[in-house]
Amino acid sequence: MKKNGKKRLKHRGLVQQWICTKCGKYDKRELMKKMWYPRKLVILAVEMYVLGNPADRIVETVYEQYEIWISESIIYVWYLKFASNIPRYEFDNLDEMLHDDDTQIKGKKKGQKFHKFALKCPKTKIMFTYMSETKDEETVKEHFREAKRKFKPWYLPKLVRTDSLPSYPHAISTIFNHEAKHDKFKSFKEHSNNEIENTFRDKKFYPRFEKIYRAKKFEALKEYRYNFIRKHRTINKTPAEEAGLSRGSWKEIIKTDLFQHA
């Protein structure tokens, strides 16, 4: 790659352009297709959306800080693009016991509901989440498969504490091998599952989604922010740092080479 002059954009000013010396194609990682606004503006909008702010409030806040009007629809384009390019990580230093539970998220249509599953490590506070329209055994298995892909190859939990959902015991033994035991919690005072229950308090701030793929993308951003950006007050660092990784940022997603192909 070599520099190939600069291009003046409406809201970002002069932006460096790059060209491949082998194929002669332009590199658009700096231009971020369909994202001609300042990076800080885009990050602010995505951060506010992940925190549950409505689109009209985001538009007003962006204008107050940058004096630039953006459309509500562009916010949805940005969050989908961010979610599609979250880097893959493998977490280490996880505890022998993990906590798992699920909760319901209201959809846009009347009576529509999505199910959010969350698997959490009490030691590092790392959380693996999964969104689905169903709550059967195959869904629980897929939830565990997705979490397992983010484990180090040598790690498997020895104990998984959950509620009394019938789908858990067989799913745990199937995905985490037969040595992993199912531990059903007994009460909220003793032998509880409060480690994971407390993470569902923000579900009232979720947007009302109509399609499951949008809910999955949103949840991917929530998980990334929880594990890599937000400091956990009990460990005074991000869960990713506790698990042996460096602290992340929204800029890290923008800089990824995959971003130009989204």
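Each remark here, short or long, concerns the structure printed above.
Conventions and cut-offs
All chains use their own residue numbering, which begins from 1 and follows the written sequence. This being a predicted model, a pLDDT of at least 70 is required before a residue's local features are given, and a value of 80 or more before pairs of side-chain atoms are given or counted; all residues contribute to the totals for chains, interfaces and linings. Working from all heavy atoms in the structure, the side-chain values ignore hydrogens and water. Following DSSP output, two strands are said to pair if at least two bridges run between them. By the criteria applied, helices consist of DSSP H or I runs no shorter than four residues and strands consist of E runs no shorter than two, each listed in order from the N terminus. Fitted lines through C-alpha atoms give the axes, limited to the stretch in contact for helices. The angle between two N-to-C directions lies from 0 to 180 degrees. Under the scheme applied here, a residue whose accessible area is under 20% of the maximum for its type counts as buried, over 50% as exposed, and between as partly exposed, the area being computed with a 1.4 Å probe on protein chains only. What makes two residues a contact is simply this: any of their non-hydrogen atoms within 4.5 Å.

S.K.: Please explain the sheet that holds strand 5 (residues 113-120) as it appears in this structure.
M.R.: Paired through backbone hydrogen bonds, the strands of a sheet run either parallel or antiparallel to each other. Ordered in space as 6-5-4-7-8, the 5 strands form an open sheet in which the pairing is mixed. The sheet is open, and its two edges are formed by strand 6 (127-132) and strand 8 (181-184), each paired on a single side. In this sheet, adjacent strand axes meet at a mean angle of 25° when their direction is disregarded. Two elements, strand 4 (residues 97-106) and strand 5, share 8 bridges in a ladder whose sense is antiparallel. Looking across to strand 5, one finds that I105 is bridged to F114.

S.K.: Help me out: how do you make sense of unusual backbone geometry in this one?
M.R.: Among all residues except glycine, the phi angle is most often negative; among peptide bonds, the trans geometry is most common. For K125, which is not a glycine, the phi torsion comes out positive at approximately 70°. Residue position: K125 is located in the loop between strand 5 and strand 6. We classify K125 as buried; its relative accessible area is 11%. At N177, a position not held by glycine, the phi torsion is positive, near 75°.

S.K.: What exactly am I supposed to notice about the pairing of strand 5 here?
M.R.: A regular strand places its side chains so that they alternate between the two faces of the sheet. Of all 8 residues making up strand 5, 7 are buried, and the element is well covered by its neighbours. Taken together, strand 4 and the strand that follows it, strand 5, pair antiparallel across an intervening segment of 6 residues, in which G111 is found at a positive phi of about 80°. Both strand 5 and strand 6 contribute to a ladder of 6 bridges, which runs antiparallel. Note on strand 6: the bridge partner recorded for A118 is T129. Counting the residues in the hairpin turn of strand 5 and strand 6 gives 6 residues, including K125, whose phi is positive at 70°.

S.K.: Any chance you could explain the environment of Y49 here in plain terms?
M.R.: In this structure, Y49 sits in helix 1 (residues 39-50). Beyond its immediate chain neighbours, meaning those up to four positions away, Y49 contacts I58, I75, Y76, Y79, P207, F209 and F218.

Such coordinate-based values are descriptive only and should not be taken to indicate function.
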